[in-house]
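# Descriptive structure summary
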Amino acid sequence: MIKYYFICVLSFFLFFNLALAKNININNHKKIKKGVLDLRSVDFSKTPIVTLNGNWEFYWKKFYTSKDFLGKKIKPDTYIPVPSKWNKYTFNNKKFPRFGYATYRIKIIIPAKLKNQLLGIKIYDISSAYRLFINGKLKSSNGKISKSKKEAIPQFLTQITPVILTNKNDKKEIILECILHVSNYHNYTSGIWNKIEIGKFNTLQRERILTIIIAFIIGGSIFIMGLYHFSIFLLRRKELSNLFFVFLTFLMTLRITLVEERILIFWFPDFDWHLFRKLEFFTAYFTSTLIALFIYHLYSEDWFKKAFQFIIVSGSIIGGIILFFPILTVIQLKLLYDIHILIAGTLLLISLFILSVKYKISGMNIAFAGMSFLYLTGINDILHHMEIINT
């Protein structure tokens, strides 16, 4: 069916092209050791981006500034790997709670020859609000940090902060002291759970713009395709497969604005964080249900109807939980959604394979390949969220 061809090919290019947009030489080998990252051997002309992975200094229930470290040595409570969740680690044989506030701190050593050059620090998601200080100056913030839940405001917004390298006393190297004040009272995942990058500002900006352009092209194509099939549905209202296909394309378009560079939050900075998170979960976990409804109304094969009914019913229950339960409850049940996705994805793949063999439908092999790619992408996302892999 031509519909299978469109949805799977476009889905494939969505993820494939967005991956290509980030095909820049990134240094993941330089690690922060006990709060210090030495970049004196890094050639930014060849490696324009470096990830700030490694052990950051961590100060629980403290909001320290650069002045607090002048003339005295403050011992960190521990060193916490970034990216990771702070509630995975212990201090005095007790795990850090997922809700609270803390200070992260590192020093980056940069060669003096880079004086007056413009670098950037790119922060993706931090749960669930932060302030970034560079050498004692506030450079960027996201949401509102607080020592109490009452005053805290969560927000997810990808930001690139410009940093001009200065060396007033002409020392042998330039030191960047990066301090992050982080508070979390709203998200089940705590702290700096996503990567942070430093690199040439123009390179980071170009990468971001390219990602957004590709997202608009793919998202716009999917949205137009949805409008086209909606017009077909208006003419043939008994063919419900067209309607579910429309819902699926609109859901995919919405997800692009939610995930890629947090475009929706960039457009609407005051967008409610709780609704944003619900939409993020809904667009991720309800997709398999719409695909099942689409195929279910195209074919009358009894051998897979029960399997598809399971996907539709269980997926609808999960969709209802995501939309109507409090966001913390929704996040706590993520493992349930992941299990559902794995089962639903397996059933969909088996069904598409059997249909392609039995009916030899034009484009069905492409549909199977596209669904396989999406399935593997979903597994990758699950394993990444569980911090089993870092891709």
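Note that the structure is predicted; figures quoted are calculated from it, not measured.

## Thoughts on the overall build of the protein
For the protein, the helix and strand inventory stands at 11 helices and 14 strands. Buried residues in the protein amount to 52% of all 391 residues. Total accessible area on the protein is roughly 19200 Å²; 62% of this is exposed by carbon and sulfur atoms.

## Description of the pattern of salt bridges
Following the criterion strictly, the structure yields 11 salt bridges and no others. In this structure, E261 engages K122 in a salt bridge whose closest nitrogen and oxygen atoms are separated by 3.0 Å. Taken as a pair, E261 in the loop between α4 (240–259) and α5 (263–267) and K122 in strand β9 (residues 118–123) lie far apart in primary sequence, 139 residues in all. A relative accessible area of 0% means that K122 is categorised as buried. Between K334 and D338 there is a salt bridge whose closest N-O contact spans 3.0 Å. With K334 and D338 both in helix α10 (residues 334–359) and 4 residues apart, the pair spans about one turn of that helix.

## Describing the packing of helix α6 (residues 273–285) against helix α7 (residues 287–296)
The geometry of α6 relative to α7 is characterised by a closest axis approach of 4 Å and an angle of 40° between their N-to-C directions. Taking contact as the criterion, the partners of F282, T283, A284 and Y285 in α6 are, on α7, T287, S288 and T289. Looking at the contact of α6 with α7 residue by residue, the class counts come to 3 nonpolar, 4 polar and no charged.

## With respect to α6
The first and last C-alpha atoms of α6 sit 18 Å apart over 13 residues, in line with the 18 Å expected at 1.5 Å per residue. The buried fraction of α6 is high, at 10 of 13 residues. Listed in full, the buried residues belonging to α6 are W273, F276, R277, K278, L279, E280, F281, F282, T283 and Y285. A distance of 3.2 Å separates the backbone nitrogen of H274 from a side-chain oxygen at the start of α6, and that oxygen is part of D272.

## Focus on the nonpolar core
Residues F281, Y285, L290, I295, I322, Y337 and L348 are the most contacted members of the largest nonpolar core, which totals 45 residues. At the level of secondary structure, the elements contributing two or more residues to this core comprise α3 (201–235), α4, α5, α6, α7, α8 (302–324), α9 (327–332) and α10.

## Observations concerning the packing of aromatic side chains
One pass over the structure, following the stated rule, counts 23 aromatic pairs. Pairing W60 with F96 gives two aromatic rings, centres 5.5 Å apart and planes at 55°, and the pair type is tilted. Highlighted residues: W60 in strand β4 (residues 54–60) and F96 in the loop between β7 (94–95) and β8 (100–111), separated in sequence by 36 residues. Both residues of the pair, W60 and F96, belong to the buried class. Relative to Y285, the ring of F281 has its centre 6.1 Å away and its plane inclined at 25°; by these criteria the two rings are stacked. Highlighted residues: F281 and Y285, both in helix α6, separated by 4 residues, approximately one helical turn. Ring-pair connections join several aromatic residues into one group, and the members of that group are W56, F58, W60, W86, F91, F96 and Y104. Taking NZ or CZ as reference, R98 lies 3.6 Å from the ring centre of Y188, over its face. If you follow R105 out to its NZ or CZ, it ends over the ring of F69, 3.8 Å from the centre.

## A short note on the packing of α4 against α7
Orientation of α4 relative to α7, taken along the N-to-C sense of each, is 160°, at an axis distance of 8 Å. Between α4 and α7, the interaxial angle falls into the category roughly antiparallel. Relative to α7, α4 is oriented so that their crossing is left-handed. Judged by residue contacts, S241, F244, F245, F247, L248 and L251 of α4 engage T287, L290, I291, L293 and F294 from α7. Of the residues that constitute the contact of α4 with α7, the class distribution is 9 nonpolar, 2 polar and no charged.

## Describing the environment of K150
Residue position: K150 is located in the loop between β11 (137–142) and β12 (159–164). Residue K150 is classed as exposed on the basis of its relative accessible area, which comes to 81%. Each C-alpha atom of the pair K150 and Y185 lies 9.1 Å from the other, and the pair is 35 residues apart in sequence.

## Considering the pairing of β8
Each regular strand shows side chains that alternate between the opposite faces of the sheet. Most of β8 sits out of view: 11 of its 12 residues are buried. Where strand β2 (residues 36–38) meets β8, 3 bridges bridge the pair, whose relative direction is parallel. Bridge assignment links V36 to a residue of β8, and that residue is K107. In the sheet, β4 pairs with β8 via 4 bridges, with the strands oriented antiparallel. Looking at the pairing, Y59 lines up with T103 of β8. One ladder, built from 12 bridges, connects β8 with strand β13 (residues 173–184); its direction is antiparallel. Within β13, the residue paired with I109 across the bridge is I175.

## Concerning the confidence of the model for the protein
When pLDDT is averaged along the protein, the result is 86; 83% of the residues meet or exceed 70. For the protein, helix α1 (residues 2–21) is the element with the lowest average pLDDT, namely 47, and strand β10 (residues 129–134) is the one with the highest, namely 98. Scored below 50 in pLDDT, residues 12–23 makes 21 contacts in the model with residues more than four places away or belonging to other chains.

## A few points about the environment of V50
Locating V50 in the fold gives a position in strand β3 (residues 49–51). Judged by relative accessible area, V50 falls into the buried class, the value being 0%.

The rules we used
- Residues numbered from 1 in each chain as written.
- Predicted model: local features only at pLDDT ≥ 70, side-chain atom pairs only at ≥ 80, totals over all residues.
- Heavy atoms only, no water.
- Helix = DSSP H or I, 4+ residues; strand = E, 2+ residues; numbered from the N terminus.
- Buried < 20%, exposed > 50% of the residue type's maximum accessible area, 1.4 Å probe, protein only.
- Areas by Shrake-Rupley, 256 points an atom, 1.4 Å probe, with all protein chains shown as cover.
- Salt bridge = Lys/Arg side-chain N within 4 Å of Asp/Glu carboxyl O.
- Axes fitted to C-alpha atoms, helices over the stretch in contact; angles between N-to-C directions.
- Contact = heavy atoms within 4.5 Å.
- Nonpolar A, V, L, I, M, F, W, Y, C, P; charged D, E, K, R; others polar.
- Expected span 1.5 Å × (residues − 1).
- Polar contact = N/O pair within 3.5 Å; in protein donor to acceptor, adjacent residues only side chain to side chain.
- Core = buried A, V, L, I, M, F, W, Y, C linked by side-chain atoms within 4.5 Å.
- Phe/Tyr/Trp six-rings, centres within 6.5 Å; stacked < 30°, edge-to-face > 60°.
- Lys NZ or Arg CZ within 6 Å of the ring centre and 35° of its normal.
- Parallel < 35°, antiparallel > 145°, perpendicular 65-115°, else oblique.
- Left-handed = near helix turned anticlockwise from the far one by under 90°.
- Pairing = 2+ DSSP bridges.
- pLDDT = per-residue confidence, 0-100.

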